[in-house]
Amino acid sequence: MRTYDVILVLGSQPDFRNWLFPSHTYRSLDRAIELLDQEVAPYIALSGDHALKYDNTGITQPFRECDKQEEYLLSKGVSQQFILKEGKSRDTLSQFYYLKNLVFKPNTIKNILIITVEFRTERLSFLFKKVFGPNYTVEFETVDFEEDEVYRNEAFVLEKQRE
């Protein structure tokens, strides 16, 4: 199996009714643990403060997404030394910006595996190239998701970001 400098699981907006992430976020984290155990990469990177959408609706998210994801990894036996994170971002674009500048550059990370859902890969690939440029490489591995978890505005957001 190919190796990477890091396995990345991006933060994903939790449901404000119960503050749980979509099921695909937990699947992504579980897959990251499996790959870490197989020594596919030396680290799992996590990203996210809170959803920008909540700023616009007056909802206060009670935790940083990266911290809640880290808690999950720790509860599954992942050692702190294998976790890297940034907790300033509120959307995908800022996740990549902060990851590049606060996590990847200081740790000489250039080769990234992102674990996500298929419906996000086109936009993530576009943004990755814009933010990271030609000196970084990215590959995607996808996990299953529930039909009601599809981000209905994904294509629209990609179109606007391309503009």
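Residues numbered from 1 in each chain as written. Predicted model: local features only at pLDDT ≥ 70, side-chain atom pairs only at ≥ 80, totals over all residues. Heavy atoms only, no water.

### Brief notes about the overall build of the protein chain
Along its length, the protein chain carries six helices and five strands. Taken over C-alpha atoms, the radius of gyration comes to 15 Å for the protein chain, in line with the 15 Å a tight globule of 163 residues would show. Overall, the protein chain is about 40 × 40 × 30 Å in size when its C-alpha atoms are taken along their principal axes. Burial analysis of the protein chain (163 residues in total) assigns 48% to the buried set. The contacts of the protein chain with a sequence gap of at least 6 include a subset with a gap of at least 24, amounting to 75%. Here the protein chain displays about 8600 Å² of accessible surface, and carbon together with sulfur accounts for 48% of that area. Positive and negative side-chain charges of the protein chain, numbering 21 and 26 respectively, have mean locations separated by a distance of 6 Å. (Helix = DSSP H or I, 4+ residues; strand = E, 2+ residues; numbered from the N terminus. Rg over C-alpha atoms; globule rule 2.2 N^0.38 Å. Buried < 20%, exposed > 50% of the residue type's maximum accessible area, 1.4 Å probe, protein only. Contact = heavy atoms within 4.5 Å. Areas by Shrake-Rupley, 256 points an atom, 1.4 Å probe, with all protein chains shown as cover. Lys, Arg positive; Asp, Glu negative; His and termini not counted. Charge placed at Lys NZ, Arg CZ, Asp CG, Glu CD.)

### A look at the environment of F126
As for its placement among the helices and strands, F126 is situated in helix α5 (residues 121–132). Sequence separation between F126 and L102 is 24 residues; the distance between their C-alpha atoms is 21 Å. Apart from the residues within four sequence positions on either side, F126 is in contact with L158, Q161 and R162.

### Points about the packing of aromatic side chains
Scanning the entire structure with this criterion turns up 12 aromatic pairs. Centroid distance Y97 to Y98: 5.3 Å. Interplanar angle 75°. Geometry classified as edge-to-face. Since its relative accessible area comes to 46%, Y97 is described here as partly exposed. Connected via pairs of aromatic rings, a cluster forms that spans W19, F21, Y26, Y54, F63 and Y72. For the cation-ring pair, K68 lies above F63, with the distance from its terminal atom to the ring centre recorded as 4.8 Å. A cation over a ring is seen here: R162 above F126, with NZ or CZ 5.5 Å from the ring centre. (Phe/Tyr/Trp six-rings, centres within 6.5 Å; stacked < 30°, edge-to-face > 60°. Lys NZ or Arg CZ within 6 Å of the ring centre and 35° of its normal.)

### Digging into helix α3 (residues 65–75)
Taken residue by residue, α3 has E65, C66, Q69, E70, Y72 and L73 as its buried positions. Taken around the axis of α3, the buried residues stretch over an arc of 160°, which confines them to a single face. As for α3, its buried residues are in contact with β1 (6–10), α1 (23–37), β2 (44–47) and β3 (83–86). (Arc of directions from axis to C-beta.)

### Considering α5
The terminal C-alpha atoms of α5 lie 16 Å apart, and with 12 residues this matches the ideal 16 Å at 1.5 Å per residue to within 8%. In terms of burial, α5 is largely enclosed, as nine of its 12 residues are buried. Every buried residue of α5 is accounted for by T121, R123, L124, S125, F126, L127, F128, V131 and F132. On its buried face, α5 sits against β1, α4 (92–104), β4 (111–117), β5 (137–143) and α6 (154–162). (Expected span 1.5 Å × (residues − 1).)

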